[in-house]
Amino acid sequence: MTNSTQQTKLVDTLYDAYDRKQPIPKDRIQEDIEKTDAYEIQQQLTDKKAILNQDKLIGYKISLTSEETQQLFHSTTPLYGALTKTSLSNGTIELASMQEPLLEIELMFIANEDLSKDDDQDTILQKMSIAPGLEIPDSRFIDWFPKLSLGQVIADSAVAGKVVVGEATQGITYEQLGNIKAVLQLDGEPIVEGPSSEVLGNPVHAIKWLIDELAKSGRHIEKGMIISSGTFILPKTLQKGKYDANFESIGEVSLQVV
């Protein structure tokens, strides 16, 4: 366990990498950092971004929602990271402004009201809209994927980079949500596809998992928050070009990388 002085130093290290946009070597944060300490560092880092940069919390991203991605980081559970205001992309990204970005296709859940630990999957779907989305993971570490430890990933806000959120819809049933296929194209050519069942069997299970995890530290999903629920595919390296992701029953979202 790290003491408060050590935690403050690690928060400052990650904040400087974020603020200066200069990635750091992996050995700047110890590999064996415990999950509880890593989440505390993440929380302090999120608070510091809000105070010093007005980069406030706007939601969360959920990672490691498939057995395959969990195996990459030697985990048996998902993990979450904070999304802040600068995480939200308008649909155009300069590749040179990122470090080592990847690309994932996933559904974005938008809270229309506060959620609580008592909410079951049907209530969650009633309280949230669902949008097609793209997540662009990136890290404050050099040469990070898939070479970070679990604790390093958590401390680094679950390698939160950017998210693109399409037009939201409501009325999607539990059964529909568990059987959505998404196809990703680059410059008009299909490059990969994946099912929503890759996300803990059904993406609403990931939202429920997050609600329960946040409750352990007295937090909850608040009205207006965006939740990136987990990838349908193994991450792809981000390239220049126009990406289009089409989600059955949900819609389409695009990203231009220049």
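The structure this text deals with has already been given above.
In what follows, the accompanying structure is described. (Residues numbered from 1 in each chain as written. Predicted model: local features only at pLDDT ≥ 70, side-chain atom pairs only at ≥ 80, totals over all residues. Heavy atoms only, no water.)

Helix and strand counts for the protein come out as seven helices and 12 strands. Counting only C-alpha atoms, the protein reaches 50 × 45 × 35 Å along its principal axes. Taken over 258 residues, the protein has a buried fraction of 52%. Partitioning the contacts of the protein with sequence separation of at least 6, the portion at a separation of at least 24 is 75%. Here the protein carries 24 positive and 39 negative side-chain charges, and the mean point of each set is 6 Å from the other. (Helix = DSSP H or I, 4+ residues; strand = E, 2+ residues; numbered from the N terminus. Buried < 20%, exposed > 50% of the residue type's maximum accessible area, 1.4 Å probe, protein only. Contact = heavy atoms within 4.5 Å. Lys, Arg positive; Asp, Glu negative; His and termini not counted. Charge placed at Lys NZ, Arg CZ, Asp CG, Glu CD.)

Before going further, it helps to examine empty space enclosed by the protein. By rolling a water-sized probe across the atoms, one finds the places where empty space is left. Throughout the structure, instances matching the rule amount to one cavity of 30 Å³ or more. Estimated volume of the largest cavity: approximately 190 Å³. Mapped by element, the contributors of at least two residues to the lining of the largest cavity are β1 (57-63), α3 (67-72) and β4 (102-111). Per-element accounting of the lining of the largest cavity gives the leading share, three residues, to β1. Broken down by class, the residue content of the lining of the largest cavity amounts to 13 nonpolar, five polar and two charged. (1 Å grid on protein atoms, 1.4 Å probe; cavity = no way out; pocket = protein on both sides within 12 Å on 5 of 7 lines; lining within 4 Å. Points joined across faces, edges and corners; volume = space filled by probe spheres on them. Nonpolar A, V, L, I, M, F, W, Y, C, P; charged D, E, K, R; others polar.)

Let us look at the pairing of strand β5 (residues 128-136). Of all nine residues in β5, nine are buried; the element is thus mostly enclosed. What you see with β5 is no split at all: Met128, Ile130, Pro132, Leu134 and Ile136 on one side and Ser129, Ala131, Gly133 and Glu135 on the other are buried throughout. Pairing analysis gives eight bridges linking β4 to β5, with the strands arranged antiparallel. Across the sheet, Glu106 pairs through a bridge with Gly133, a residue of β5. Sheet topology note: the β5/strand β6 (residues 162-165) ladder contains four bridges and is antiparallel. If you follow Glu135 over to β6, its bridge partner there is Val163. (Pairing = 2+ DSSP bridges.)

Another point: helix α2 (residues 35-53). Taking 1.5 Å of rise per residue, the 19 residues of α2 would be expected to cover 27 Å, and the 26 Å separating its terminal C-alpha atoms lies within 8% of that figure. Looking only at α2, the buried set comprises Asp37, Ala38, Tyr39, Ile41, Gln42, Leu45, Thr46 and Lys49. Looking at the packing, one finds that the buried side of α2 touches α1 (4-20), β1, β2 (79-84), α5 (150-155) and α7 (203-215). Two residues or fewer past α2, Gln54 is found with a positive phi of approximately 55°. (Expected span 1.5 Å × (residues − 1).)

Let us look at the pairing of β2. Taken across its six residues, β2 has six buried, putting it largely inside the fold. Sheet topology places β1 next to β2; six bridges connect them, and they run antiparallel. Note on β2: the bridge partner recorded for Ser63 is Leu79.

A few words now on α1. Residues that lie three or four places apart on an α-helix share one face, since the helix turns once every 3.6 residues. In a regular helix each residue adds 1.5 Å, so 17 residues correspond to 24 Å; α1 covers 24 Å between its end C-alpha atoms and thus fits that length. Restricting attention to buried positions, one finds in α1 the residues Gln7, Leu10, Val11, Thr13, Leu14, Tyr15, Ala17 and Tyr18. As for α1, its buried residues are in contact with α2 and α5.

Next up on the list: the nonpolar core. Within the largest apolar cluster, 72 residues are counted, with the highest numbers of intra-cluster contacts made by Ile221, Phe247 and Leu255. Take this core: its biggest share by element is seven residues, from α7. In this structure, Leu255 is in contact with Gly91, Thr92, Ile93, Leu103, Leu134, Ile136, Val164, Leu238, Gly241, Lys242 and Tyr243, ignoring residues within four places of it in sequence. In terms of nonpolar packing, the next biggest core, distinct from the first, is built from eight residues, Ile58, Leu83, Met108 and Ile110 among them. (Core = buried A, V, L, I, M, F, W, Y, C linked by side-chain atoms within 4.5 Å.)

The residue Asp47 is located in helix α2 in this model. Given a relative accessible area of 36%, Asp47 falls into the partly exposed group. Distance in space between the C-alpha atoms of Asp47 and Gly81 is 13 Å, their sequence separation being 34 residues.

Turning our attention to the packing of aromatic side chains. For the structure on display, the rule yields seven aromatic pairs. Between Phe73 and Phe145, the ring centres sit 6.3 Å apart and the planes meet at 55°, which makes this aromatic pair tilted. Placement of the pair is Phe73 in the loop between α3 and β2 and Phe145 in the loop between β5 and α5, with a sequence separation of 72 residues. A relative accessible area of 28% means that Phe145 is categorised as partly exposed. Geometry around Tyr18 places Lys49 over its ring, the cationic atom sitting 4.6 Å from the centre. (Phe/Tyr/Trp six-rings, centres within 6.5 Å; stacked < 30°, edge-to-face > 60°. Lys NZ or Arg CZ within 6 Å of the ring centre and 35° of its normal.)

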